[in-house]
Amino acid sequence: MKAITVVPGDPSSVATTEVPDPEPDDRTLLVEGELLGICGTDADIVEDGYGSPPPGEERLLLGHESLGVVREAPRGSGFSPGDRVAGIVRRPDPVPCGPCGEGQWDFCLNGRYTERGIKELHGYGSQLWRLEPEFAIPVDPSLGDCGVLVEPASVLAKAWEQTERILGRAGLRPRTALITGAGPIGLFGALMGVQRGLDVHVLDRNDTGPKPDLVRRLGATYHTGEVTELPLRPDVVIECTGHGPLVFGLSEILPPAAVLCLTGIASGSKEVSVDTDEVNKTLVLDNSVVFGTVNAARRHYEQAARALAEADRTWLERLITRRVPMDGYAEALHKGPQDVKVVVDLRS
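Note that the structure is a prediction, hence the values are computed from the model and not measured. (Residues numbered from 1 in each chain as written. Predicted model: local features only at pLDDT ≥ 70, side-chain atom pairs only at ≥ 80, totals over all residues. Heavy atoms only, no water.)

Q: Explain the overall build of the protein chain here, please?
A: Assigned secondary structure in the protein chain consists of 10 helices and 19 strands. For the protein chain, whose C-alpha radius of gyration is 20 Å, the value lies close to the compact-globule estimate of 20 Å for 348 residues. Considering only C-alpha atoms, the protein chain reaches an extent of 60 × 45 × 40 Å along its principal axes. Expressed as a percentage of its 348 residues, the buried residues of the protein chain come to 53%. Across the protein chain, every contact between residues at least 6 apart in sequence was considered, and the portion connecting residues at least 24 apart equals 69%. A total of about 15600 Å² of accessible surface is found on the protein chain, and carbon and sulfur atoms cover 48% of it. (Helix = DSSP H or I, 4+ residues; strand = E, 2+ residues; numbered from the N terminus. Rg over C-alpha atoms; globule rule 2.2 N^0.38 Å. Buried < 20%, exposed > 50% of the residue type's maximum accessible area, 1.4 Å probe, protein only. Contact = heavy atoms within 4.5 Å. Areas by Shrake-Rupley, 256 points an atom, 1.4 Å probe, with all protein chains shown as cover.)

Q: What should I look at first to understand the environment of Ile88 in this one?
A: Relative to the helices and strands, Ile88 resides in the loop between strand E6 (84-87) and strand E7 (90-91). Between the C-alpha atom of Ile88 and that of Glu132, which follows or precedes it by 44 residues, the distance is 9.6 Å. The contact partners of Ile88, leaving out residues within four places of it in the chain, are Trp105, Tyr124, Glu134, Phe135, Ile137, Arg298 and Tyr301.

Q: Looking at this structure, how should I read the packing of aromatic side chains?
A: Working definition: an aromatic ring pair is given by the centre-to-centre distance plus the angle between the planes. One pass over the structure, following the stated rule, counts two aromatic pairs. Ring plane angle 50° and centroid distance 5.4 Å describe the contact between Trp105 and Phe135, whose orientation is recorded as tilted. Pair noted here: Trp105 is in the loop between helix H2 (98-101) and strand E8 (114-116) and Phe135 is in the loop between strand E10 (128-131) and strand E11 (136-138), with a separation of 30 residues, a long-range link. We note that Trp105, like Phe135, is buried. Over the ring of Tyr113 we find Lys119, and its NZ or CZ is 4.8 Å from the ring centre. (Phe/Tyr/Trp six-rings, centres within 6.5 Å; stacked < 30°, edge-to-face > 60°. Lys NZ or Arg CZ within 6 Å of the ring centre and 35° of its normal.)

Q: Explanation requested: the pattern of salt bridges in the structure shown.
A: Side-chain pairing between opposite charges can occur once the charged atoms of the two side chains come close. Taken as a whole and assessed by the stated rule, the structure comprises 22 salt bridges. A salt bridge links Arg313 to Glu317; its shortest N-O distance comes to 2.9 Å. Taken together, the residues Arg313 and Glu317, both in helix H9 (residues 313-319) and four residues apart, mark about one turn of the helix. One connected set of salt bridges, linked through shared partners, spans Glu34, Arg84, Asp145, Arg323, Asp345 and Arg347. (Salt bridge = Lys/Arg side-chain N within 4 Å of Asp/Glu carboxyl O.)

Q: What should I look at first to understand the sheet that holds strand E4 (residues 60-61) in this one?
A: Strand pairing within a sheet occurs via backbone hydrogen bonds; the two strands may be parallel or antiparallel. Reading across from one edge, E2-E1-E4 is the order of the three strands in this open sheet, with antiparallel pairing throughout. Each edge of the open sheet is held by one strand with a lone partner, namely strand E2 (15-18) and E4. Sheet topology places strand E1 (residues 2-6) next to E4; two bridges connect them, and they run antiparallel. By the bridge assignment for E4, Val6 is matched with Leu60. (Pairing = 2+ DSSP bridges.)

Q: Honestly, the packing of helix H3 (residues 150-168) against helix H8 (residues 298-310) in this entry has me stumped. Any pointers?
A: The description of two helices packed together rests on the angle between their axes and the distance between the axes. Between H3 and H8, whose axes approach to 7 Å, the crossing angle comes to 105°. In terms of their interaxial angle, H3 and H8 are classed as roughly perpendicular. Within the contact between the two elements, H3 uses Val150, Glu151, Ala153, Ser154, Ala157, Lys158, Glu161, Gln162 and Arg165 and H8 uses Arg299, His300, Tyr301, Gln303, Ala304, Ala305 and Leu308. Here the residues of the contact of H3 with H8 are counted per class, giving seven nonpolar, four polar and five charged. (Axes fitted to C-alpha atoms, helices over the stretch in contact; angles between N-to-C directions. Parallel < 35°, antiparallel > 145°, perpendicular 65-115°, else oblique. Nonpolar A, V, L, I, M, F, W, Y, C, P; charged D, E, K, R; others polar.)

Q: Looking at this structure, I do not really get the environment of Ala220. What am I missing?
A: Within the fold, Ala220 resides in the loop between helix H5 (211-218) and strand E14 (221-223). In this structure Ala220 comes out as buried when scored by relative accessible area, which is 7%. Measuring from C-alpha to C-alpha, the distance between Ala220 and Ala190 comes to 7.5 Å, with 30 residues separating the pair along the chain. Residues within four places of Ala220 in sequence aside, it is in contact with Val194, Val200 and Val215.

Q: Would you mind showing me how to read the state of the cysteines here?
A: Each disulfide is one covalent bond, formed between the sulfur atoms of two cysteines. Enumeration according to the criterion identifies zero disulfides in this entry. There is no disulfide at Cys39, and the cysteine sulfur nearest it, in Cys240, is 13 Å away. Of the cysteine sulfurs around Cys100, a residue in no disulfide, the closest is that of Cys97, at 3.6 Å. Overall, the relative accessible area of 6% leaves Cys100 in the buried class. (Disulfide = S-S within 2.5 Å.)

Q: Just to check I follow, could you spell out unusual backbone geometry for this structure?
A: If a residue is not glycine, its phi is most likely negative; likewise, a peptide bond is most likely trans. Residue Pro96 is bonded to the preceding Val95 through a cis peptide linkage, with omega at -20°. Considering the arrangement of structural elements, one finds Pro96 in the loop between E7 and H2. Residues other than glycine seldom take positive phi values, yet Ala257 does so here, at roughly 65°. By the element assignment, Ala257 lies in the loop between helix H6 (244-250) and strand E16 (259-262). Judged by its relative accessible area of 24%, Ala257 falls in the partly exposed class. A positive phi angle is found at Asn287, which is not glycine, with a value near 55°.

Here's what the structure looks like:
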């Protein structure tokens with residue numbers, strides 16, 4: 001079978017090569033890979049050396065945003081041949097720490113977790129892959145190829161879950177949400193905000209391309225410009241850019257008891273002058289909460305799959321703006337101005 005592999009940090013090493021088929025295993029699903037989503041993490045692995053191959057190996061089989069069809073399933077697994085599935089990325093550490101032992105490996109405390117296609121485990125970028133049933137997420141057949149969006153959507157399902165838990169400490173029900181960044185993560189954040197009945201606003205730097213229309217078709221409001229000039233006092237902010245100066249700017253527009261969830265990480269470093277004492281005073285006196293979130297547990301994948309199944313299929317299809325064959329993986333890492341989500345077709 002064919003698989004996409006790389007020596008992390010060496011862009012010239014990306015290759016689609018023949019590798020052995022998965023070994024027989026009557027405890028796992030045998031899945032035929034269909035699509036592979038591409039995100040910034042993949043570019044970081046290929047170009048900057050983020051991530052690592054399994055111990056003792058030089059090359060990493062890429063891919064963590066997956067969609068495939070079950071070809072073989074163990075009896076009693078809950079799956080049957082023909083089912084579509086997405087694979088969970090993270091695996092708990094072997095100790096395990098407290099959160100991993102509770103199935104909340106997204107809160108791993110000691111960093112000994114592994115991740116398929118990222119950290120010490122081969123990914124889903126091959127024509128066939130094995131998957132433990134407990135790490136397989138059923139995908140509604142009505143989603144079609146949009147099932148490849150489950151993994152990135154799971155990150156926002158967790159962000160919304162944790163945000164609502166924090167608001168619940170004071171019995172608060174948010175009315176207005178601001179999403180900063182209109183990439184795939186931001187658009188999923190906006191989708192889930194609209195599904196919750198909130199007045200959703202999205203801030204992005206681009207005023208051309210598909211993003212403004214995608215936001216408006218959700219029933220949300222699209223903005224460009226400076227965050228401090230927005231006519232908003234959002235109860236919830238989900239920040240999806242990782243741009244440090246923007247994070248501090250957001251602290252200026254929060255009303256009392258607001259929640260600011262950080263999901264983005266930016267490369268490089270930027271200096272900005274900030275009155276830290278004033279920011280601290282505002283957060284304290286207003287009972288505001290700023291928190292970061294990364295990865296997702298199984299329940300978040302399940303929440304994401306339900307949210308996508310309830311979304312407008314036509315809208316979801318517009319998020320997938322470009323498809324490339326397996327041999328075009330390196331090309332897929334570089335987005336154009338019209339791209340939202342780029343996917344690799346493992347069937348070609």
